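# Fold and contact review
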Amino acid sequence: MVARTRIALYLLWYGWLFSALIGLPMLARLKPPQAIGERFPAGVLRVGIDPSYPPFANHVEGGFVGFDIDLGEALAAELELAVQFIPLGYDGLYDALKTDHIDILLAGVRVDYRQSQDVVYSQPYMNGGLRLLSPKTAALIRRNDLSSHKIAYGYGTAADQFLWYAEREIAPFQRAPYEDEETALRALKQGQVSAALVDGVEGLRFMRWHGNWLQELALTEDHLAIAMRRDRPWLHSLIHDALSRLWVDGRLSEILQGWLWQASPAP
Amino acid sequence: MAGCRQPPELGGHNVNRSILSLLFWLLRISLLLGLLSLLHPPRSRAVLGPVQQVETEVPILCTHTRFSDEVEEWKIAQSLELVRELGAATIVEFFPWAYIEPHRSNFQWEKVDRVQRQAENQGIQVIARLGLVPRWAQGDRDANEVTLNYLPATAYEDFARFVGVFAERYAGKIDRLIIWNEPNLVHEWGYEELPPAEVYVKLLAMSYAAAHAANPNVEVLLAPLAPTLEPAGSPYGLDDLIYLERILAAGAGEVFDAVALHTYGGNRPPEEAPAVQRINFRRMELHRSLLKRYGQGEKPVYVTEFGWNDHPRWVHAVSTAQRSEYTLAAYRWAEKRWPWLEELCLWVLRFPVDAGDYRDHFTLLTSEFQVKPLYHSLQAYGRGGEERESLWLPEPE
């Protein structure tokens, strides 16, 4: 009995010692969760923007305006940080992120799998894919409804490419190529075609002024999102949560409507 | 117990069955081997056909291609076929050092070879732009903190050695080499502080010596500068005219054979007069004046990037019609007034994958080879401006 008790005590002692030896260094490596203030010592969220690309961002007298500016300000406010917009040229967007010149890249960028080694994206904030615009009176509410209609598009655009493929899958429709998307939209406005297939952002911009008589249908998906460095998971969580809150309380939708026709499907 | 012994007849039967089974296995293996012998690696879809020749009325017609991230050779072949049909006899292509020499002295030439052989097959000359630094040459900097444009001073010799090896391997096939790209921009040095012009001249001098030692016929091109008005001390870069003057003052004239230039039109017409504080197509005339002032006016000039963008919203873009009109007018201008110009290369033929934003509106083809209006306009111009049927509907009334 005594021997058993002694063995049990030994086991308990060595077990404790072993746990201490293994566990203490691990505990030492664990840091308590840092407050936002510690993550951003300067109290500033650095947002990389492309100010040549309206409606996302544009340089006007007195500063920057655009969807990305409004969203960047809303995100910073959610995180209780000040915001600093850093203008970038298109060649240097991701390099600025990689070299820590910015915290997030909010520049109308789409989710790009080629960046996945260094970059992660937030949940998408809008779908910039192709939009089919048609009068509300037209029965064009599904992809297959294209058949027998006359569809305007810009020659050599992504819509042109999409229609080449669609022609093989959908019953014949009449193609109406125009020199560019702007002309295709004008043809729709003047009733010369049943619908126009255009770049999503362009379509949603057009809808802002013609939404009273037009309807829109997203035919492809091209998600626009916020890019962040892969090695900062804490930032992904912060941005994800902040963006979700903006979505849920309707502020993201309000910001989108300020620049485009309406918000895209929920992230 | 008698029942425990196997009768000898049954044992013989088992032997026969084993032999039969073995024969069956041999037959199966033979069949499998026979089937395997019928398998061949998939036939390349980029088989070289008869050697072609570019027919053009506009010898300076040229385009920048972007094959460095292209996976399939048939896409390179098809792109170059379309370059030939455009009437362009020269392309500019970027060959990243990081891809070619991923480990020190371990060269992977296949990506260069396939571009070179396909171009040669179409009768097209290649101007090579060299840059992008392999990780092994970036010293002990954390790979997560630097971009592939970061070139520490300790790697200049490695880069020059690479230039020499490249020049030697492609001597007689690719004889024009551009050393680096837009050195007046911070991000072209990996977002490090913009090095003084003397630093670029040092890199150029080392590369020049290595290239000429390897191939006496090589033509080393001064890196094109990015057209920009950034003042000294800007975190983004430095005005191209200021930077060029500094390069020339630092003695660069001794270490280049020709000049590469970038001259984008922005949203201004090509005929607009140049000015120091203006970015437009004719800004390159100011570059040439500087070159003349420093005794370099006789050196050949290659415009390795130029063009207009027709994105509907980008602030520096023009309409699709203007893009065609301006580009053709630029060629007419250059043909008539710039006899010293060797090539006028349009940015850009096509991207391997569409960017999904305004950058796509610089291309002549979509990633899926959909031809854009400017391609047709240029092709007609390259064939002597013949009339063609319109490919799109007239403007709505």
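Scroll up to find the structure this text is about.
Since this is a predicted model, take the numbers as computed values, not measurements.

### With respect to the sheet that holds strand β2 (residues 52-53) of chain A
Residue and element names in this part refer to chain A. Ordered by their spatial adjacency, 3 strands build an open sheet running β2-β3-β4, and the pairing between neighbours is antiparallel. Two strands close off the open sheet at either side, each with one partner strand: β2 and β4 (63-65). For strand β3 (residues 57-60) and β4, the ladder comprises 3 bridges, and the chain directions are antiparallel. Bridge pairing links Val60 to Gly63 in β4.

### Quick word on the sheet that holds strand β12 (residues 195-198) of chain A
Residue and element names in this part refer to chain A. The 5 strands lie next to each other as β11-β10-β12-β9-β13, forming an open sheet whose pairing is mixed. The sheet is open, and its two edges are formed by β11 (174-178) and β13 (214-218), each paired on a single side. Each neighbouring strand pair of the sheet contributes to a mean axis angle of 25°, computed without reference to strand direction. On the sheet, helix α5 (residues 158-169) packs against β10 (150-154), β11 and β12 and is oriented at approximately 145° with respect to β10. Each of β9 (131-135), β12 and β13 touches helix α7 (residues 200-210); the most contacted strand, β13, lies at about 160° to it.

### A word on the state of the cysteines
Residues and elements named next belong to chain B. This structure, assessed with the given rule, holds 1 disulfide over all chains. Paired by a disulfide, Cys62 and Cys345 hold their sulfur atoms 2.0 Å apart. Residues Cys62 and Cys345 are joined through a disulfide that is right-handed, its torsion about the S-S bond being 90°. Taken together, the residues Cys62 in strand β1 (residues 61-64) and Cys345 in strand β8 (residues 341-347) connect sequence positions 283 residues apart.

### Re the pairing of strand β2 (residues 90-96) of chain B
Residue and element names in this part refer to chain B. Here β2 lies mainly inside the structure; 7 of its 7 residues are buried. Every second residue of β2 is oriented toward a common face, with Thr90, Val92, Phe94 and Pro96 on one face and Ile91, Glu93 and Phe95 on the other, all of them buried. On the question of chirality, the crossover connecting β1 to the parallel β2 by way of helix α2 (residues 73-86) is right-handed. Two strands pair when backbone bridges link them, and β2 and strand β3 (residues 125-131) are joined in this way by 7 bridges, in the parallel orientation. Each bridged residue has a counterpart across the sheet, and for Phe94 the counterpart in β3 is Arg129.

### Examining the interface of chain A and chain B
A common way to express how large an interface is: the accessible area buried when the components associate. Every contact between the two is made by 45 residues of chain A and, on the other side, 42 residues of chain B. Where chain A abuts chain B, roughly 3,800 Å² becomes buried across the two surfaces, and 50% of that area is made up of carbon and sulfur atoms. When the buried area of chain A at its contact with chain B is split by residue, Tyr90, Tyr155 and Glu179 of chain A rank highest and sum to 20% of it. Taken together, the connections running from chain A to chain B amount to 4 salt bridges. The salt bridge partner of Asp199 of chain A is Arg313 of chain B, with a shortest N-O separation of 3.2 Å. Our count for the contact surface shared by chain A and chain B stands at 20 residue pairs in polar contact (both at pLDDT 80 or more). For the side of chain A that touches chain B, the secondary structure elements donating two or more residues are β2, β5 (82-87), α4 (93-98), α5, β11, α6 (181-189) and α7 of chain A. For the side of chain A that touches chain B, the class distribution of residues is 18 nonpolar, 10 polar and 17 charged.

### Looking at the pairing of strand β7 (residues 301-307) of chain B
All names here are of chain B. In terms of residue burial, β7 counts as a mostly covered element, since 7 of its 7 residues are buried. Strand direction decides the pairing type here: strand β6 (residues 258-264) and β7, joined by 6 bridges, are parallel. Residue Val259 lies in a different strand from β7, and its bridge partner there is Val301. Following the chain from β6 across helix α8 (residues 283-293) to the adjacent parallel β7, one finds a crossover that is right-handed. Here β7 runs beside β8; their pairing, made up of 3 bridges, is parallel. Bridge pairing in β8 places Val301 opposite Leu341. Handedness of the crossover joining β7 and β8 through helix α9 (residues 320-337) is recorded here as right-handed.

### Observations regarding α6 of chain A
Residue and element names in this part refer to chain A. Taken together, the buried positions of α6 are Glu181, Thr183, Ala184, Leu185, Ala187 and Leu188. On the buried face of α6, the contacting elements are β9, β10, β11, β12, α7 and β13. Gly191 occupies a position one or two residues after α6 and carries a positive phi of about 75°.

What counts, and where the lines are drawn
Residues numbered from 1 in each chain as written. Chains lettered and ligands numbered in written order. Predicted model: local features only at pLDDT ≥ 70, side-chain atom pairs only at ≥ 80, totals over all residues. Heavy atoms only, no water. Pairing = 2+ DSSP bridges. Helix = DSSP H or I, 4+ residues; strand = E, 2+ residues; numbered from the N terminus. Axes fitted to C-alpha atoms, helices over the stretch in contact; angles between N-to-C directions. Contact = heavy atoms within 4.5 Å. Disulfide = S-S within 2.5 Å. Buried < 20%, exposed > 50% of the residue type's maximum accessible area, 1.4 Å probe, protein only. Right-handed = clockwise from strand over helix to strand, strands pointing away. Buried area = accessible area lost by both parts, 1.4 Å probe. Salt bridge = Lys/Arg side-chain N within 4 Å of Asp/Glu carboxyl O. Polar contact = N/O pair within 3.5 Å; in protein donor to acceptor, adjacent residues only side chain to side chain. Nonpolar A, V, L, I, M, F, W, Y, C, P; charged D, E, K, R; others polar.

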